[in-house]
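The primary structure of each chain is shown beneath.
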Amino acid sequence: MGWGPFQYNIMPEPASEHAPYYDALFMTITGLAVFFTITVVAMIIFFAARYRRGTKVNRKNILTHHTGLELIWMGVPLVLAFLMFGWSTKNYMAVRTMPKEATEIFCIGKKWMWHFQHMNGVRENNELHVVVGKPVKITMISQDVIHALYLPEMRAQYMVVPGRYTELAFTPTKPGRYKILCAMHCGTQHSEMVGQLYVMNPSEYADWVDKGGNKYKNKPLTIQEAGAQIYSEKGCANCHTGTDNPRAPTLVGIYEKTRKFTDGTSAVADREYLREAIKMPHNRLTAGWENTMPVYGGTLTELQVLQLAEYIKTLTPGKGDFVRQDVKHSTPGSDGDSSAVDIANKGGSAGNAQFRTSEERR
Ligand code: HEC
Ligand SMILES: [Cu+2]
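What counts, and where the lines are drawn
- Residues numbered from 1 in each chain as written.
- Chains lettered and ligands numbered in written order.
- Predicted model: local features only at pLDDT ≥ 70, side-chain atom pairs only at ≥ 80, totals over all residues.
- Helix = DSSP H or I, 4+ residues; strand = E, 2+ residues; numbered from the N terminus.
- Buried ≥ 20, exposed ≤ 12 C-beta atoms within 10 Å, placed from the backbone.
- Pairing = 2+ DSSP bridges.
- Axes fitted to C-alpha atoms, helices over the stretch in contact; angles between N-to-C directions.
- Contact = placed C-beta atoms within 7 Å.
- Parallel < 35°, antiparallel > 145°, perpendicular 65-115°, else oblique.
- Nonpolar A, V, L, I, M, F, W, Y, C, P; charged D, E, K, R; others polar.
- Near = placed C-beta within 6 Å.
- Core = buried A, V, L, I, M, F, W, Y, C linked by C-beta atoms within 7 Å.
- Left-handed = near helix turned anticlockwise from the far one by under 90°.
- Expected span 1.5 Å × (residues − 1).
- pLDDT = per-residue confidence, 0-100.

## Some remarks on the overall build of the protein chain
In step 1: Counting its regular elements, the protein chain contains eight helices and 12 strands.
In step 2: Looking at the protein chain residue by residue over its 362 residues, the buried ones come to 30%.

## Some remarks on the pairing of strand β7 (residues 156–160)
In step 1: Note: strand β6 (residues 147–151) against β7, five bridges, orientation antiparallel. Pairing of His-147 across the sheet is with Val-160, part of β7.
In step 2: Between the antiparallel neighbours β6 and β7 lie four residues, among them Arg-155 with a positive phi of about 55°.

## Digging into the sheet that holds strand β10 (residues 195–200)
In step 1: On the basis of which strands lie adjacent, the open sheet formed by five strands has the order β4-β10-β9-β6-β7 and mixed pairing. This sheet does not close on itself; its edge strands, each paired only once, are β4 (127–131) and β7. Across the sheet, the mean angle separating the axes of adjacent strands is 20° when strand polarity is ignored.
In step 2: In this structure, β4 lies alongside β10, joined through five bridges in parallel fashion. Opposite Val-131, over in β10, you have Met-200 as the bridge partner.
In step 3: Running over the sheet, helix α3 (residues 202–210) touches β4 and β10 and is turned about 130° from β4.

## Details of the packing of helix α4 (residues 223–233) against helix α6 (residues 302–314)
In step 1: Where α4 meets α6, the closest approach of the two axes is 7 Å, and the angle between their N-to-C directions is 100°. As far as their axial angle goes, α6 and α4 are roughly perpendicular. Side by side, α4 and α6 meet where Ile-223, Gln-224, Ala-226, Gly-227, Ala-228, Ile-230 and Tyr-231 of the first sit next to Gln-304, Gln-307, Leu-308, Glu-310, Tyr-311 and Thr-314 of the second.
In step 2: Of the residues contributing to the contact of α4 with α6, the split by class is seven nonpolar, five polar and one charged.

## A short note on the site of ligand 1
In step 1: Neighbouring ligand 1 are 25 residues; Cys-236, Cys-239, Ala-248, Pro-281 and Met-293 lie closest to it.
In step 2: Residue composition of the shell around ligand 1, by class: 17 nonpolar, five polar and three charged.

## Quick look at the sheet that holds strand β1 (residues 103–110)
In step 1: Spatially, β3-β2-β1-β5-β8 is the arrangement adopted by the five strands of the open sheet, whose pairing is mixed. The open sheet is flanked by β3 (123–125) and β8 (166–170), the only strands paired with a single partner. Pairwise comparison of adjacent strand axes, ignoring direction, gives a mean angle of 25° for this sheet.
In step 2: The sheet contact formed by β1 and strand β2 (residues 113–118) spans six bridges and is antiparallel. Paired with Cys-107 across the two strands is Phe-116, which belongs to β2.

## Details of the environment of Ser-191
In step 1: Inspection of the secondary structure assignment puts Ser-191 in the loop between β9 (176–182) and β10.
In step 2: Separated by 10 residues in sequence, Ser-191 and Leu-181 place their C-alpha atoms 8.0 Å apart.

## Structural notes on the nonpolar core
In step 1: With 40 residues, the main nonpolar core has Cys-107, Ile-138, Leu-149, Leu-151, Met-193, Leu-197 and Val-199 as its most contacted residues.
In step 2: Those residues within four positions of Leu-151 in sequence are excluded, and the remaining contacts are Ala-156, Phe-170, Tyr-178, Ile-180 and Leu-197.

## Here's the deal with the packing of helix α5 (residues 271–279) against α6
Helix packing geometry: the angle between the two helix axes and the distance between the axes.
In step 1: Put simply, α5 and α6 touch, their axes get as near as 10 Å, and they point 115° apart. The handedness of the crossing between α5 and α6 comes out as right-handed. For the pair α5 and α6, contact is made by Arg-271, Leu-274, Arg-275, Ile-278 and Lys-279 and by Val-305, Leu-308, Ala-309 and Ile-312, respectively.
In step 2: Across the contact of α5 with α6, the residue classes tally to six nonpolar, no polar and three charged.

## A look at the environment of Ile-138
In step 1: Following the sequence through the fold, Ile-138 ends up in strand β5 (residues 136–142).
In step 2: In the structure, Ile-138 is positioned 35 residues away from Thr-103 in sequence and 8.2 Å away in space, judged by C-alpha atoms.
In step 3: For Ile-138, the residues in contact, after removing those within four places along its chain, are Ile-105, Cys-107, Leu-149, Glu-167 and Leu-168.

## Examining helix α2 (residues 67–96)
In step 1: Counted at 1.5 Å a residue, the expected span for α2 with its 30 residues is 44 Å, and the 42 Å between its end C-alpha atoms agrees.
In step 2: Counting buried positions along α2 yields one of 30 residues, so the element is predominantly exposed.

## What about the confidence of the model for the protein chain?
In step 1: Across the protein chain, the average pLDDT comes to 82, with 83% of residues at 70 or higher.
In step 2: The secondary structure element of the protein chain with the lowest average pLDDT is helix α7 (residues 340–346), at 35, and the one with the highest is β6, at 96.
In step 3: pLDDT under 50 marks residues 320–362. Its contacts with residues more than four places away, or in other chains, come to 87 contacts.

As structure tokens, this is what we get:
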């Protein structure tokens, strides 16, 4: 899809049928605005310099009226404005006319996640899988406040409101992974109300549906993924969030850093230290916190402790800022069968996307 001159890196990659049309309009309007801004500013500077006090220029012959000039500066913008209006309306009608033959998908927005359900029953949280080249129609509603489903690469965005269904349609044209965002400020974790849109080839998609919409089902978990799963199941994230908080110090970025303890000693947080901190937290308390961490010595196996440590090593600042923590696996037994209400009730209280593990997302 090349509208050559209209593709610049200032825009997200265009990946839907409508995107080039949108970009052409957007770039034209932006271009006009830039053109007029530069022209006006340049003239202001030029005249200010030329007619500043003390310059020897002709100040007689003051024009008080010039009908031709006035017609031009009103007529040209008027025509331009109507052209932009007409063009925008055409584009708007095109995106707001729902395709008849479209893949139906349902979307529920809630603080702070996107829940999707396909007609075949497959459910997804903060992820949406669609087929390249096939029009998609999403029927949306919010369970709480106003959200807006925003798919920048598709140039598609529409309000998701409580108490009423709204619709959004697009036709993806390029396989790939794209962004899902919320474009309506909907509360403290609005910026974390993000996800991934996967545009797949028909065969890939058929495969994905075959596995019940879970492409990770048959793949063993990596050691870090297994750690993330334990982290989620044991509720570590109830205390340990992305930043230090009164309940617990953050574990982000602690690996191989010096930790200070209440008894005045310190140690480097290596694997050995992490093991002790998890199995026997009372041995040495991180300065600033009390002895409130549960003792996991009896409940976690050595393998689980190893997996946890490997997971903690991956928690580095910045990671997971946009892309949610990449824990691509299914929690055994909860494979898409926890209801939307369960998830809403769990409601992302952990406070950080990095720690929003698969269990809470599902
Ligand atoms: C009830 C809250 C709570 C839970 C649940 C909890 N922790 Fe902690 N954790 C703490 C507190 C408080 C500290 C700081 C005091 C200390 O060192 O024991 C801490 C310290 C740590 C440390 C050392 C951090 C540092 O600053 O050097 C690690 C590692 C750790 N926890 C891992 C875990 C893991 C893994 C889990 C889940 C299996 C977990 N914690 C569950 C409260 C909690
Ligand atoms: Cu939102």
